[in-house]
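Understanding the architecture of this molecule
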Amino acid sequence: MGREGEPWVVMKTARAPSNIAVIKYWGKRDEKLILPINSSISVTLDPEHLSATTTVAASPAFHSDRLWLNGKEVSVEGERYKNCLREMRARATDVEVESTGRVIKKEEWSSLHIHIASENNFPTAAGLASSAAGFACLVYALAQLMGVKENYEGELSAIARLGSGSACRSLLGGFVKWNMGQEADGRDSIATQLAEHSHWDDLVIIIAVVSSRQKETSSTSGMQESVRTSPLLKFRAEEVVPKRIEQMEKAIKSMDFAEFAKITCADSNQFHATCLDTSPPIFYLNDTSRRLIGLVERWNRHAGEPQVAYTFDAGPNAVMFARNKEVGAELLKRLLYQFPPSSDADFSRYVIGDQSILESTGVT
Ligand code: ADP
Ligand code: DP6
Ligand code: CO
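Computed from a prediction, not measured in an experiment: that's the story for all the values here.

1. Looking at the overall build of the protein
A count of helices and strands for the protein gives 9 helices and 17 strands. Principal axes of the C-alpha set define a box for the protein whose edges measure 75 × 45 × 40 Å. Every one of the 364 residues in the protein was classed for burial, and the buried ones make up 45%. Partitioning the intrachain contacts of the protein with sequence separation of at least 6 by distance along the chain shows that 72% fall at a separation of at least 24.

2. What about the sheet that holds strand S5 (residues 40-44)?
Taken in spatial order, the 4 strands of this open sheet run S2-S5-S12-S13, and their pairing is antiparallel. Here the strands that pair on one side only, and so sit at the sheet edges, are strand S2 (19-23) and strand S13 (191-195). Taking the axes of each pair of neighbouring strands and ignoring which way they run, one obtains an average angle of 35 degrees across the sheet. The pairing of S5 with strand S12 (residues 175-178) spans 4 bridges and is antiparallel. Residue Val43 lies in a different strand from S12, and its bridge partner there is Phe175. Contacts between helix H5 (residues 231-253) and the sheet are confined to S2, S5, S12 and S13, with S2 contributing the most and set at about 115 degrees to the helix.

3. Focus on the packing of helix H2 (residues 130-146) against helix H3 (residues 155-163)
Put simply, H2 and H3 touch, their axes get as near as 8 Å, and they point 130 degrees apart. Considered as vectors, H2 and H3 are oriented oblique to each other. Note that H2 runs across H3; the crossing there is right-handed. Contact with H2, carried on its side by Phe135, Ala136, Leu138, Val139, Tyr140 and Ala143, involves Leu156, Ile159, Ala160 and Gly163 of H3 and no other residues of that element.

4. Re the pairing of strand S15 (residues 308-312)
Among the 5 residues in S15, 5 count as buried, and that is most of the element. Side chains Val308, Tyr310 and Phe312 project from S15 onto one buried face, and the interleaved Ala309 and Thr311 project onto a second face that is buried too. One ladder, built from 5 bridges, connects S15 with strand S16 (residues 318-322); its direction is antiparallel. Residue Ala309 lies in a different strand from S16, and its bridge partner there is Phe321. Between S15 and S16, which pair antiparallel and follow one another directly, the connecting turn spans 5 residues.

5. Some thoughts on helix H1 (residues 79-90)
When the terminal C-alpha atoms of H1 are compared, their 16 Å separation across 12 residues agrees well with the 16 Å that a helix rising 1.5 Å per residue should span. Among the residues making up H1, those that are buried are Tyr81, Cys84, Leu85 and Met88. One side of H1 holds all its buried residues, which, seen down the axis, span an arc of 95 degrees. Those residues of H1 that are exposed and aimed more than 90 degrees away from the buried face are Glu79 and Ala90. Along its buried surface, H1 packs onto strand S7 (66-69), strand S11 (113-120), H2 and H3.

6. A look at the site of ligand 1
Taken together, 21 residues surround ligand 1, and among them Ser118, Ser130, Ser131, Gly134 and Ser219 come closest. For the shell around ligand 1, the secondary-structure elements that each account for two or more residues are S11 and H2. When residues of the shell around ligand 1 are assigned to their parent elements, the largest contribution, 5 residues, is made by H2. For the shell around ligand 1, the class distribution of residues is 9 nonpolar, 11 polar and 1 charged.

7. Concerning the confidence of the model for the protein
Close inspection of predicted coordinates is inappropriate for parts of the model with low pLDDT. When pLDDT is averaged along the protein, the result is 92; 92% of the residues meet or exceed 70. With a pTM of 0.94, the predicted complex shows an ipTM of 0.99.

8. Here we look at the sheet that holds strand S6 (residues 51-59)
With mixed pairing, the 5 strands of this open sheet are ordered in space as S1-S6-S11-S7-S8. The strands lining the two open edges of the sheet, one partner per strand, are strand S1 (10-17) and strand S8 (72-74). The average angle at which neighbouring strand axes cross in this sheet is 20 degrees, direction not considered. Here 4 bridges tie S7 to S11, and the two strands are oriented parallel to one another. Across the sheet, the residue bridging to Trp68 is Ala117, located in S11.

9. Side note on unusual backbone geometry
The residue after Ser279, namely Pro280, is reached through a cis peptide bond having omega -5 degrees. The topology assignment puts Pro280 in the loop between helix H6 (257-276) and helix H7 (287-303). With a phi angle near 50 degrees, Ile34 is a residue other than glycine that sits in the positive phi range. Topologically, Ile34 is positioned in the loop between strand S3 (28-30) and strand S4 (35-36). Of note in the backbone geometry, Ala129 takes a positive phi value of approximately 65 degrees without being a glycine.

10. Quick notes on the environment of Ala273
With respect to the element layout, Ala273 can be found in helix H6. Each C-alpha atom of the pair Ala273 and Glu216 lies 18 Å from the other, and the pair is 57 residues apart in sequence.

Rules behind the numbers
- Residues numbered from 1 in each chain as written.
- Chains lettered and ligands numbered in written order.
- Predicted model: local features only at pLDDT ≥ 70, side-chain atom pairs only at ≥ 80, totals over all residues.
- Helix = DSSP H or I, 4+ residues; strand = E, 2+ residues; numbered from the N terminus.
- Buried ≥ 20, exposed ≤ 12 C-beta atoms within 10 Å, placed from the backbone.
- Contact = placed C-beta atoms within 7 Å.
- Pairing = 2+ DSSP bridges.
- Axes fitted to C-alpha atoms, helices over the stretch in contact; angles between N-to-C directions.
- Parallel < 35°, antiparallel > 145°, perpendicular 65-115°, else oblique.
- Left-handed = near helix turned anticlockwise from the far one by under 90°.
- Expected span 1.5 Å × (residues − 1).
- Arc of directions from axis to C-beta.
- Near = placed C-beta within 6 Å.
- Nonpolar A, V, L, I, M, F, W, Y, C, P; charged D, E, K, R; others polar.
- pLDDT = per-residue confidence, 0-100.

Right, here's the structure in full:
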């Protein structure tokens, strides 16, 4: 079947999880290539609860690239979408259309238009890394559609990075490091896995959705302003983060919860301090976020050593790590007691990976 013959559509669907940084990326040294001013470390979240699902389709009947996000058409004209599409097209190979046996030749991909439909199963642009899940998923789905073979480790991660920095970490599971890299072309600014999820499966992750509202300052523009105006950010990137990266890698390898918790909370707090140090200041946390911090800090102080860690991205929603299942169940009980459903500070949703913890607290 030729292009002028009966129209055909080829389609692929993929799902990619979000990730939460325990050492934050905040600030770029290159805006176009999305190269960070410091390395970062994250934990990839459970796709059941926090993921993007993206379907990509190509057909000679399509006249332009188009994107629907959560059911609404949005512009695909932005540089980030264009860069990801261009890099993927450049790596496309011959692909057979299953239903017809027709082969889409490598060269054809440059003129075929792509339609993209993506849905997030969690709040978009609310500080739960939707841009990470979204761009990782887009790149992965396009790789399936266009028959892109990774010819060196991390190539897809580097393309996802062109969509959103944090997305390069979502192509890998478990504990992930995004190395800031040295090269001007960003070749070595890629993510690598530090450990599988199963390496530390005692750890329980609980997410309290404080607000699903879209943030007022996007991560992209927030970090631009911080780089431009915050002296604390420069100090953080140069003097603080390199040491923390080393300490965090060790804590993860040796499953040292006390160290993991200490660094995770300190790094979240320093990131929000740089937001406050930005001019004009940026506020991502709200009163509920601060009450959560207080609850965890008091608990840890009483216990004598850390039981729970918290971290907040660019939004008010909390991601908490409990040292084991028992502590996870106790944390949920305390959260429900302190923030009862239908109080002014309740959570619209709790998201946790382990059903048995929900059952043990009677939460459904
Ligand atoms: P978040 O904290 O959720 O990552 P950001 O401000 O970093 O918020 O990014 C939000 C932007 O990411 C959205 O406005 C949209 O452009 C993009 N995005 C989010 N989800 C998707 C998706 N599933 N597919 C493509 N792009 C997405
Ligand atoms: C606070 O990756 O969303 O979540 O690269 O401009 O798309 P862009 O920003 P983004 O920033 C994430 C910032 C953060 C910390 C982190 O995920 O490391
Ligand atoms: Co983001």
